[in-house]
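Okay, here's what each chain looks like letter by letter:
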Amino acid sequence: MLKMGPFVNESDISQRHRPRRTPGCHTKMAGKDEAVVAVAEDGGTELDFKEISEQEALTALKASKKGLTGEEAIRRLEEYGPNKLPEESRNAFLVYLSYMWNPLSWAMEAAAIIAIALLDYADFALIVALLLVNATISYVEEANADKAIKALTSALAPKAKCLRDGEVKTIDAQDLVPGDIVIIRLGDIVPADIKILGEEGSSGHPEDETPLQCDQAALTGESLPVKKFSGDVAFAGSTIKQGERHCVVYATGMQTFFGRAAALLGGPQAQANLQKVMTRIGAICLVTIGVWIIIELAVQFGKYNHACIGGVGGCPTLTNMLVIIVGGIPIAMPTVLSVTLALGAFVLAKEGAIVSRMSAVEEMAGMDILCSDKTGTLTLNKLTVDHVNCYPLSNHSIEEVLKYGAMSANIITEEPIDMVLHESYPNRDTLWGESGTYTMAKFVPFNPTDKYTIAFVRDNATGKIERVMKGAPQVVVKNAHDRAAIEDDCTAKITEYANRGFRGLGIAKAQGDGSEDGGNTRWEMVGLVPLFDPPRHDTKETIERCHLMGISVKMITGDQLLIGKETAKQLGMGTNMFTTEALLKAKQGFGLVEGHASVEDLVEEADGFAEVFPEHKYMIVKILQERKHMVGMTGDGVNDAPALKKADVGIAVAGATDAARGAADIVLTAPGLSAIVTAVIGARKIFQRMTTYSRYTVAMTFRICFTFGLITVIYNWYFPTILIVLLAVFNDGAMIALSKDNVTPSRLPNRWNLWSIFVSGAGYGLYLTLSSWVLYYVATHTDFFDGKIGMFSLQDGETELQNWCNEYIPRLTPDITSPGTTNVTAAYTQAAYPDANFLPDTTVLDQCVTEQRYVRGAMTRALLYLQVSVSGQAVVFVVRTISHSFLSRAGTLTYVAFVAAQIASTLIAVFGFNGYEEPRDDVKPCQYCTLSSGGNHPFWSNKAAPISGTESQYTASVLGCTYYAVVAWIWSLIWHMGLDPLKWIMYYIMDEEGFRSGGGLFDNIFRSRGERMGAGSNFGINKGSMSRVSVGGGRTSVSRISRVSHGGYQSGGIPGVGGRVVPTAEMLNRASLVRVH
């Protein structure tokens, strides 16, 4: 059995990283380059699989070159466990608490501490409940979305080809076990630690075999691929850049070098761009809150000389400060934005675009250039041979061209071109096998540098070896012995193929295995084969949709320029395409190249590039990013991985290799470009929802802080914290419905324009502040409602209250004829009110004025609460669209949430809280606390009023405003009508969404929000692996975050752990050590 060697101490690895079976073993430390075979007390032997021979490795693993049986594989899977890194398990409770660990939550937690310090138990409980509710919603919604996405990504698990029961089978890589014989080839990520087996018929000398090119950069930091020969080892997570070999698996899962390194090494996670946006929005809100706290404390203690004493209700001023803190903090912002993003990513996954990096959703919304591979993305990737247009050479017939094409194909690997050539030969069933004419003795696979393959074919009848070359026609022709005679005709035919959209393939043959050629092989051209990969039926329409959405599509292909141009013509794309030769000339500064002064101009204005190599794709993406474009890059092969990593949005198309998936941010499960357009539309909808809430939350912060800050410092009037907490619960909680709001995706790419969000949010907030202040002033300082409409009065001016009391007191108590000079004890006798501690020299008039101000203020608070609630949440209908809010239909859940929240708010406003919070120094029952009309308040039973002259007269109690609730709704509706014109004025001044420059005013008003959104904004998001932020044109790089493929592997780092792994010398020396018994 394989056991983990002394690469790490067991104490260094957490329990979740331990292998399934770990008997005690004693090990011997290995020195550099030392072959170690140490026998432990339990019979276990530590082997260095890099040093032992192939046969020793197979013996130790109890395996053979024929592979394992299915039963043995199942037994070993039970013994060793699955071949995957254990998923990181996090304590669910700590994850839950993490949702309350951010600056906004800290401010709320500070408010809770202040509340409990003031013995304000109810507000403390509500603030804590609000924190818990937000954390719970975030935890549940994101967990559900994450589970759904994981279920969908399970279909993308890495695969491996292995020999089971003597047959080649494709299985999930996690089902590999030690002793399995696997086949690895170009584009594969090595699924486990493996030892490379010798090729059949090979001499065993390195110079006589074709090596594997293995990229180990993710593990060792080596920048160039390493050549691997028979007997060498390759580690899980490496990428095969060239070659194809049979290998034996000797370590899986956590026993691999990859897994053992992952147990020790970790890295910090880079901050997501959404976190940056929330931090900046939150910072503005916190600064606004901080300013108003300072102003309030200075004015209340400095000007109004308020006092604080210990005990319940002893410091109304500090209690009132909680209104600014709780009301101004957008506590639900992390919840709403993260839930919106998570649910949006889940929807994208159902539509065929699985997100491997969450912030890629934002970047896809802002993508303005899409660099698309041609084959398999723009086209069907279903090559067919045009028999009629085959071009035989050297006196061969078309049938012979098809025959040699089939002989050049290695059908075991199921490469598309090999399969097409094999299937195109009518007598293919008689070619191979024991009953066939030929046997494949050796096969040299394709690599991007040489651009050809060579098949060594043995004639079963004569035993003679014949080599068949196939590859790029120019390359094959250059190898022909009669190149000078045929090159012109072949070039003309290749050009003809290209003009017709065909891909030319050259076929040549040579006698013998090459051992006697002395390096001068005589290749004889057999002919040229035209291959045709037709465009997808929906590609042309999809490209047109991309153009309408402001996305420029550039074709980046390795095919010839003429083939690329022909395909572009068929698809309605531009044909201003160039080869990489023009790209390199422009980069080297050879003056004007193709009419362009610089390489940046050339790349930006070109419709595509042909004959590109991987480094060219990377260069193209980099240049476009330097021009501040948001670049998407599609790819499917290992060659595309560097460009996919570099691009802002790396998109692995359907059927992509593991290497491409590992480098990509988004993995498509549906073929073609149409899935990308669907993903872009979905991403832009998600972005619209996030910007809607961002504008809303900034507006609410300004509105709460300025409304209650101004009223407090101007009128010395307090508002209860409990109503602000309920406002946050109902309104911010209802905002979660925005995650499913009905939105129109923008016609142009999106950007975070925080300046616009702050300015417009401040505009809405100050406008609503004005509406609330006017309502407060009209209700408390004029006779509009009681004098003109006939409602009971809420006026609390000193003169108004004294006049009312001078008239009311004699009616209530006829023996008191001079309220202004009669001591209060004449009305509140010691016998009737033994607990009342009136201040000396307090008159009946003083107490009456205090009671009336208290009652009217308590009802005004309910009135103002309802107006703030209704008008505040209604802002969301304005900010979500550029058209009139009445003309743009929101999502059903948005309407339901609004109605439910405002019904609850209306009930609270109508009925109140029975005078909660009761004054600390009170008189009960009060005598002069009736309505101005003379009747008692219908929803106030305890009738506890503050004693005049005490700090309790500023207690922010709440009584139901009864039918004044109708006033709040009508007032909110009237002022709501001004929000849309205000929005258009601000949009016109800032030219937001092209409002001023993009068309007439009427056209802008009646179109949906987002149709032109995103152009010209000054806050960009880019990916320096997570994001690169530019503010005001500047660009600041942030640290790179690793991209994890769906198999758990990672390009550029350890799976599940950020950062590149550069092991120590000791780690590398012991990388291939495992224990067996």
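1. Some words on the overall build of the chain
Scanning the chain from N- to C-terminus turns up 34 helices and 34 strands. Within the span of the chain, comprising 1077 residues, buried residues form 58% of the whole. The long-range share in the chain, meaning contacts at least 24 apart out of those at least 6 apart in sequence, stands at 74%. Accessible surface for the chain amounts to roughly 42,200 Å². Of this, 56% is attributable to carbon and sulfur atoms.

2. Re the packing of helix H10 (residues 333-350) against helix H24 (residues 674-715)
For any two helices packed against each other, one specifies the crossing angle of their axes together with the interaxial distance. Interhelical geometry of H10 versus H24 gives an angle of 170° and a closest axis separation of 10 Å. Classified by the angle between their axes, H10 and H24 sit roughly antiparallel to one another. On H24, the residues that touch Met333, Val336, Leu337, Thr340, Leu341, Gly344, Ala345 and Leu348 of H10 are Thr678, Ala679, Gly682, Ala683, Ile686, Arg689, Met690, Tyr693, Ser694 and Thr697. Residue composition of the contact of H10 with H24, grouped by class: 11 nonpolar, six polar and one charged.

3. Thoughts on the packing of H24 against helix H26 (residues 754-781)
The geometry of H24 relative to H26 is characterised by a closest axis approach of 7 Å and an angle of 35° between their N-to-C directions. When you trace H24 past H26, the crossing you get is right-handed. Of the residues belonging to the contact of H24 with H26, the class tally is 17 nonpolar, 10 polar and two charged.

4. Considerations on the pairing of strand E21 (residues 524-532)
Of all nine residues that make up E21, seven are buried, and the element is covered over most of its length. In this sheet, E21 lies alongside strand E15 (residues 384-385) in antiparallel orientation, the contact comprising two bridges. Among the inter-strand pairings, threonine 384 is bridged to a residue of E21, identified as phenylalanine 532. As paired elements, strand E16 (residues 391-392) and E21 share two bridges and run antiparallel to each other. Note that in E21 the partner of tyrosine 391 across the bridge is leucine 528. Pairing of strand E20 (residues 502-511) with E21 involves eight bridges; the strand directions are antiparallel. When the bridges of E21 are listed, isoleucine 507 appears paired with glycine 527.

5. Quick notes on the pairing of strand E6 (residues 181-185)
A regular strand carries its side chains on alternate faces of the sheet. Counting buried residues in E6 gives five out of five residues, a clear majority hidden from the surface. Direction of pairing for strand E4 (residues 159-164) relative to E6: antiparallel, over a ladder of three bridges. Bridge assignment links cysteine 162 to a residue of E6, and that residue is valine 182. Summarising the sheet, E6 and strand E12 (residues 244-251) pair through five bridges and their orientation is antiparallel. Counted as the bridge partner of isoleucine 181 is valine 248 from E12.

6. A look at the packing of aromatic side chains
The final tally for this structure, using the stated rule, is 30 aromatic pairs. Seen from their ring centres, phenylalanine 49 and tyrosine 250 are 4.6 Å apart, and the 5° between their planes marks the pair as stacked. On the criterion of sequence distance, the pair formed by phenylalanine 49 in the loop between strand E3 (45-48) and helix H1 (54-60) and tyrosine 250 in strand E12 is long-range, its members being 201 residues apart. Of the two residues examined, phenylalanine 49 and tyrosine 250, each falls in the buried class. With centroids separated by 6.5 Å and ring planes inclined at 85°, the aromatic side chains of tyrosine 808 and tyrosine 928 adopt a geometry described as edge-to-face.

7. Brief notes about the sheet that holds strand E25 (residues 631-635)
Strand order across the open sheet formed by eight strands is E13-E27-E26-E25-E14-E22-E24-E23, with mixed pairing between neighbours. Strand pairing shows two members of the sheet lacking a second neighbour, strand E13 (353-355) and strand E23 (577-579), which therefore form its edges. Across this sheet, the average inter-strand angle for adjacent strands is 20°, counted without regard to direction. Inspection of the sheet shows E23 paired to strand E24 (residues 608-610) by three bridges, in the parallel sense. Directly across from threonine 579, in E24, lies its bridge partner alanine 610. In this fold H24 packs onto E13, strand E14 (369-373), E25, strand E26 (649-652) and strand E27 (666-668), with an angle of close to 135° to the strand it touches most, E27.

8. A look at the pattern of salt bridges
When their charged atoms lie close together, side chains carrying opposite charge are able to pair. Within the structure shown, the criterion is met by 18 salt bridges. The salt bridge involving arginine 164 is made with aspartate 180; its shortest N-O contact spans 2.7 Å. Pair noted here: arginine 164 is in strand E4 and aspartate 180 is in the loop between strand E5 (167-172) and E6, with a separation of 16 residues, a long-range link. Comparing arginine 164 with aspartate 180, the two get one shared label, buried. Of the charged contacts, one joins aspartate 741 and arginine 880 as a salt bridge, the two residues approaching to 2.8 Å between their closest N and O atoms. Of this pair, aspartate 741 sits in the loop between helix H25 (721-734) and H26 while arginine 880 sits in the loop between helix H29 (844-879) and helix H30 (892-911), and the two are 139 residues apart along the sequence. The pair formed by aspartate 741 and arginine 880 is uniform in burial state, with each residue classed as buried. The structure contains a network of salt bridges with shared partners spanning Glu72, Arg75, Arg76 and Glu79.

9. Considering the side chain of threonine 539
The residue threonine 539 is located in helix H17 (residues 539-548) in this model. You can call threonine 539 buried: its relative accessible area is 1%. The contacts of threonine 539, once residues within four sequence positions are left out, are Thr377, Leu378 and Leu571.

10. A short note on helix H19 (residues 580-588)
The set of residues buried in H19 consists of Thr580, Ala582, Leu583 and Ala586. In an axial view of H19, the angular spread of the buried residues amounts to 155°, which keeps them on one side of the axis. Exposed positions of H19 whose direction lies more than 90 degrees from the buried face are Glu581 and Gln588.

11. Details of unusual backbone geometry
Cis peptide bonds are those with omega within 30 degrees of zero, and the linkage from tyrosine 916 to glutamate 917 qualifies with 5°. For glutamate 917, the position within the fold is in the loop between H30 and strand E28 (922-923). Between lysine 924 and the following residue, proline 925, the backbone shows a cis peptide bond with an omega angle of -5°. For proline 925, the position within the fold is in the loop between E28 and strand E29 (945-946).

12. Looking at the state of the cysteines
Summed over the entire model, instances satisfying the criterion amount to three disulfides. The partner cysteine of cysteine 805 in its disulfide is cysteine 848, sulfur to sulfur 2.1 Å. Here the S-S torsion is close to -90°, and the disulfide linking cysteine 805 with cysteine 848 is therefore left-handed. Placement of cysteine 805 in helix H28 (residues 798-812) and of cysteine 848 in helix H29 is noted, with a sequence separation of 43 residues between them. Across the pair, cysteine 848 and cysteine 805 agree in class, each one buried. Between the sulfur atoms of cysteine 926 and its disulfide partner cysteine 929 the distance amounts to 1.7 Å. On the S-S bond that ties cysteine 926 to cysteine 929, the torsion sits near 85°, and the link is right-handed. As far as burial versus exposure is concerned, cysteine 926 and cysteine 929 are alike and both buried. Cysteine pairing in the chain follows 1-2, 3-4, 5-6, where each cysteine in a disulfide is numbered by its order in the sequence.

13. Structural notes on the confidence of the model for the chain
As a note on interpretation, predicted positions should not be read in detail where pLDDT is low. Per-residue confidence for the chain gives a mean pLDDT of 80, with 82% of residues at or over 70. Per-element confidence in the chain ranges from a low mean pLDDT of 28 for strand E31 (residues 1028-1031) to a high of 97 for helix H31 (residues 964-976). Every residue in residues 264-270 is under pLDDT 50, and counting partners more than four places away or in other chains gives 13 contacts. Note on residues 1011-1062: pLDDT under 50 across the span, and 194 contacts to partners over four residues away in sequence or across chains.

Quick notes on the rules
Residues numbered from 1 in each chain as written. Predicted model: local features only at pLDDT ≥ 70, side-chain atom pairs only at ≥ 80, totals over all residues. Heavy atoms only, no water. Helix = DSSP H or I, 4+ residues; strand = E, 2+ residues; numbered from the N terminus. Buried < 20%, exposed > 50% of the residue type's maximum accessible area, 1.4 Å probe, protein only. Contact = heavy atoms within 4.5 Å. Areas by Shrake-Rupley, 256 points an atom, 1.4 Å probe, with all protein chains shown as cover. Axes fitted to C-alpha atoms, helices over the stretch in contact; angles between N-to-C directions. Parallel < 35°, antiparallel > 145°, perpendicular 65-115°, else oblique. Nonpolar A, V, L, I, M, F, W, Y, C, P; charged D, E, K, R; others polar. Left-handed = near helix turned anticlockwise from the far one by under 90°. Pairing = 2+ DSSP bridges. Phe/Tyr/Trp six-rings, centres within 6.5 Å; stacked < 30°, edge-to-face > 60°. Salt bridge = Lys/Arg side-chain N within 4 Å of Asp/Glu carboxyl O. Arc of directions from axis to C-beta. Disulfide = S-S within 2.5 Å. pLDDT = per-residue confidence, 0-100.

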